[in-house]
Amino acid sequence: MAFESVKKVAEADFPTRWGAFRILGFEGTLPAKTESHDRSGSPAQPGKVEGLVALVMGDIHSSPPLVRIHSQCLTGDVFGSLRCDCRLQLEMALSKIAEEGAGVLLYEQQEGRGIGLMAKLKAYELQDAGLDTVEANVELGFEADYREYELPARVLKMLGVTAVKLMTNNPDKVEALESAGITVAERVSAEVESQETFAAYVRTKQEKMGHIVETMVSDE
C-alpha cells in the first residue's frame with residue numbers, strides 16, 4: 001500500500017479522563033484504480049481514503065515519545081468486549097502516556113485486522129464453533145492480518161517525530177516504522193493481565209503471529 005497523499009483535516013483540544021490531549025484527524029488517499037481490461041476511456045475509480053486519529057499530549061520532540069499504534073476495535077474499545085484485549089491495551093496506553101506527560105496514540109481504521117466489522121462478526125461465529133482467530137479469517141477467504149502501518153509512519157513524520165518508544169507486542173509494527181525511517185528507540189510491552197475470555201486469542205497471536213508475550217498464555 002502506497003498512499004498518494006496524506007493530509008491533516010482537523011485539530012482540536014480534547015480533554016479526557018486521562019488528561020488533556022490534542023486530537024488530530026488525518027486522511028490518507030490511495031492511488032486511483034483503473035481496471036486493466038477497461039479500454040473505454042472511463043475515468044479511474046477514486047482512490048480509497050483511510051482515516052487516522054492522533055491523540056497528542058505534551059512535548060513530543062525533546063526525546064522519543066511513547067507511541068501506541070492502535071487498530072480500531074468497535075467491539076472492544078466501545079462495547080467492552082472481553083473476546084480480545086483491545087480496550088485494555090487502549091486504556092493502558094492512554095494511562096501511560098498521561099503518566100509520562102507526553103506521547104502519541106495513533107488510532108487506525110483497521111477493524112478486525114483490516115477485514116471490516118461485518119466480516120469480523122462472521123469470524124466470531126466461526127470462533128464459537130472452534131476455530132481460532134487466524135483460522136476463522138482464512139476460512140472466510142481473508143489473510144490472517146491485512147494491516148499495514150504506512151499511514152501511522154507518515155503521520156508521525158508530519159508531527160515531526162523521527163524516533164519513538166513504541167508500545168506494542170507486535171514485531172511487525174516495529175519493522176514497519178523502522179522501514180519507514182522512524183527509529184524505534186525502545187519497545188514497550190503492551191501486555192495486559194490475561195483473562196480467561198481472551199486467553200486463547202492472545203495465545204494465537206503469540207503462537208501464529210509472532211507477538212511478544214512475556215508469559216506463555218494458557219486456557220487452564
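All values derive from a computational prediction rather than experimental measurement.

Thoughts on the side chain of Ser 81
Step number 1: Secondary-structure assignment places Ser 81 in the loop between α1 (74-78) and α2 (86-100).
Step number 2: Judged by relative accessible area, Ser 81 falls into the buried class, the value being 16%.
Step number 3: At a separation of 3.0 Å, a polar atom in the side chain of Ser 81 contacts the main-chain amide nitrogen of Arg 83.
Step number 4: Sequence-distant contacts of Ser 81, that is, excluding residues within four places in its chain, are made with Thr 75, Gly 76 and Tyr 124.

Structural notes on unusual backbone geometry
Step number 1: Its identity as a non-glycine residue notwithstanding, Arg 113 has a phi of 55 degrees, on the positive side.
Step number 2: Checked against the element boundaries, Arg 113 lands in helix α3 (residues 111-114).
Step number 3: For Arg 113, a relative accessible area of 11% translates into the label buried.

A few points about the environment of Met 167
Step number 1: The topology assignment puts Met 167 in strand β6 (residues 163-167).
Step number 2: Judged by relative accessible area, Met 167 falls into the buried class, the value being 0%.
Step number 3: Distance from Met 167 to Glu 191, taken between C-alpha atoms, is 9.3 Å for residues 24 residues apart in sequence.
Step number 4: Excluding its chain neighbours within four sequence positions, the residues that come into contact with Met 167 are Leu 66, Val 67, Arg 68, Met 92, Ala 93, Lys 96, Val 188, Ser 189 and Ala 190.

Parameters and conventions
- Residues numbered from 1 in each chain as written.
- Predicted model: local features only at pLDDT ≥ 70, side-chain atom pairs only at ≥ 80, totals over all residues.
- Heavy atoms only, no water.
- Helix = DSSP H or I, 4+ residues; strand = E, 2+ residues; numbered from the N terminus.
- Buried < 20%, exposed > 50% of the residue type's maximum accessible area, 1.4 Å probe, protein only.
- Polar contact = N/O pair within 3.5 Å; in protein donor to acceptor, adjacent residues only side chain to side chain.
- Contact = heavy atoms within 4.5 Å.

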